[in-house]
Amino acid sequence: EVGGGVRCGADPGSMQASCDGVGDDGGVEYEVVAEAYRDLELATGRLMLIDRLATLLAETPQEMLPTVSYLCQGLIAPEFAGVDLGMAEKMALRAVATATSVEPEVVVAAVRESGDLGQAAEQLLAATAADRKPSLPVAEVVDTLHEIARTEGSGSQGRKLELLAGLLTRATPLEARYLVRTVTGSLRLGIGTATILDALAEVHAGGRKARPVLERAYNICSDLGQVAATLVQEGLEAVEGMRVRAGNPVRPMLAQRMSSSAEILAKLGGACAAEYKYDGIRVQAHRTADGQLE
């Protein structure tokens, strides 16, 4: 069995969310996700984090569950897919300036005051677009972020800036905070994948007692969206039946630290084998059915 080390904060007064953010087309507005992010940032305990995440996942349409699961990890695709938005904070800062119609120096000053570009974007938009109604579907946000990641070559930096500024021009102040943090890789919600798995189990697997089944599946496929999709489309039994397959890296087992050799021996039943450990990097070679090697 492959072990998994998963690293993955909620206004106590606003733990309950409504389904107002679910569109007529079955999609979900990014504002719903942003409100959950805000609540998670403010949460003070693990149970509160799980409950707030469970509320978000419960109101997410099943077809959007993999996408929202990635977003809660601060991603738009599985980590091993290597999707790189290619946006440094300096470029994101310029996008914020464009979207708020101020000079970059004004954004720099706001960042200096707040300590965070996401909060600076929120504050600047609050001054000019405080009453803006949510109009960004999650699907459109994620599609645009994927387009940013795909944009390469001559003029790519300008195009990336244009795409992000376009989202921010339509975003509410709260959405802007988390859009900026997502593209700069600094979501900082205080949750890990383990917490998301707990919430998934709570909503779609009959309770957190099923979390080990979901965690095992995640450890052998490294794809939270795949686990979520399998769960809601085929059920917990199908998740339990997931197997290692080429193309999906298996998550490496993490060592557990102990304070002494005596404690190690006690943990292992009184006997163990030991070997020297050499530093290096973990590598997996995957050959798929079509002969492709990664």
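The structure displayed is predicted, hence computed values, not measured ones.

Definitions and limits used
Residues numbered from 1 in each chain as written. Predicted model: local features only at pLDDT ≥ 70, side-chain atom pairs only at ≥ 80, totals over all residues. Heavy atoms only, no water. Salt bridge = Lys/Arg side-chain N within 4 Å of Asp/Glu carboxyl O. Helix = DSSP H or I, 4+ residues; strand = E, 2+ residues; numbered from the N terminus. Buried < 20%, exposed > 50% of the residue type's maximum accessible area, 1.4 Å probe, protein only. Axes fitted to C-alpha atoms, helices over the stretch in contact; angles between N-to-C directions. Parallel < 35°, antiparallel > 145°, perpendicular 65-115°, else oblique. Left-handed = near helix turned anticlockwise from the far one by under 90°. Contact = heavy atoms within 4.5 Å. Nonpolar A, V, L, I, M, F, W, Y, C, P; charged D, E, K, R; others polar. Expected span 1.5 Å × (residues − 1). Polar contact = N/O pair within 3.5 Å; in protein donor to acceptor, adjacent residues only side chain to side chain. Arc of directions from axis to C-beta. Phe/Tyr/Trp six-rings, centres within 6.5 Å; stacked < 30°, edge-to-face > 60°. Core = buried A, V, L, I, M, F, W, Y, C linked by side-chain atoms within 4.5 Å.

1. What about the pattern of salt bridges?
- Under the counting rule described, the total for this entry stands at 15 salt bridges.
- We note a salt bridge from R159 to E147, for which the minimum N-O separation is 2.9 Å. Within this pair, whereas R159 is found in helix α8 (residues 156-170), its partner E147 is found in helix α7 (residues 138-150), the two being separated by 12 residues in sequence.
- Taking relative accessible area as the criterion, R159 reaches 30% and is therefore assigned partly exposed.
- For E147, a relative accessible area of 29% translates into the label partly exposed.
- Between D279 and K277 there is a salt bridge whose closest N-O contact spans 3.6 Å.
- Under the relative-accessibility criterion, D279 is labelled exposed at 75%.
- With relative accessibility at 70%, the residue K277 sits in the exposed group.
- A network of salt bridges, in which partner residues are shared, links E41, D116, E122, R177, R181 and R188.

2. Description of the packing of helix α4 (residues 89-100) against helix α5 (residues 104-114)
- Orientation of α4 relative to α5, taken along the N-to-C sense of each, is 115 degrees, at an axis distance of 8 Å. Taken together, the axes of α4 and α5 are roughly perpendicular relative to one another. Crossing of α4 over α5 shows right-handed handedness. Here L93, V96 and A97 of α4 come into contact with α5, specifically with P104, V107 and V108.
- Looking at the contact of α4 with α5 residue by residue, the class counts come to 6 nonpolar, no polar and no charged.

3. Some remarks on the environment of L224
- For L224, the position within the fold is in helix α12 (residues 224-234).
- By relative accessible area, which is 1% here, L224 ends up buried.
- Between the C-alpha atom of L224 and that of L65, which follows or precedes it by 159 residues, the distance is 9.9 Å.
- Those residues in contact with L224 that sit more than four places away from it in its chain are S69, Y70, Q73, T193, I196, L197, L200 and Y218.

4. Considering helix α6 (residues 117-129)
- Taking 1.5 Å of rise per residue, 13 residues should cover 18 Å, and α6 covers 17 Å from first to last C-alpha, within 8% of that figure.
- Those residues of α6 lying buried are L117, G118, A120, A121, E122, L124, L125 and A129.
- In the core, the buried residues of α6 are packed alongside α4, α5, α8 and α9 (173-183).
- The N-capping residue of α6, defined by a side-chain oxygen 3.3 Å from the backbone nitrogen of G118, is D116.

5. Quick word on α5
- When we look at burial in α5, the residues that qualify are V107, A110 and V111. Mapping the buried residues of α5 onto a view down its axis gives an arc of 100 degrees, with all of them on the same face. Exposed side chains of α5 directed beyond 90 degrees from the buried face belong to E105, R112 and E113.
- Buried residues in α5 make contact with α4 and α6.
- Immediately downstream of α5, the backbone of G115 shows phi near 80 degrees, a positive value.

6. Topic: the environment of G82
- Take G82: it is sitting in the loop between α3 (65-72) and α4.
- The class of G82 is exposed, set by a relative accessible area of 53%.
- Along the sequence, G82 and A149 sit 67 residues apart, while their C-alpha atoms lie 9.9 Å from each other.

7. Quick notes on the packing of aromatic side chains
- Counting across every chain of the model gives 1 aromatic pair.
- Taking the centre distance of 5.1 Å and the plane angle of 65 degrees together, the rings of Y37 and Y178 count as edge-to-face. Of this pair, Y37 sits in helix α1 (residues 30-42) while Y178 sits in helix α9; the two residues are 141 residues apart in sequence, bridging distant segments of the chain.
- For Y178, a relative accessible area of 0% corresponds to the buried category.

8. So, the nonpolar core
- Ranked by internal contacts, the top residues of the largest apolar core, which has 81 residues, are Y30 and L168.
- For L168, the contacting residues outside a window of four places in its chain are A95, V96, A99, L125, R132, A176, L179 and V180.

9. Let's talk about unusual backbone geometry
- Unusually for a residue other than glycine, S101 sits at a positive phi of about 60 degrees.
- On the secondary structure map, S101 appears in the loop between α4 and α5.
- At S222, a residue that is not glycine, the phi angle is positive and equals roughly 55 degrees.
- Summarising the element assignment, S222 is placed in the loop between α11 (211-221) and α12.

10. Looking at the packing of α8 against α9
- It is at 9 Å that the axes of α8 and α9 come closest, and there the two elements cross at 160 degrees. Considered as vectors, α8 and α9 are oriented roughly antiparallel to each other. In the packing of α8 onto α9, the handedness of the crossing is right-handed. Contacts between α8 and α9 involve L164, L167, L168 and R170 from the former and E175, A176, L179, V180 and V183 from the latter.

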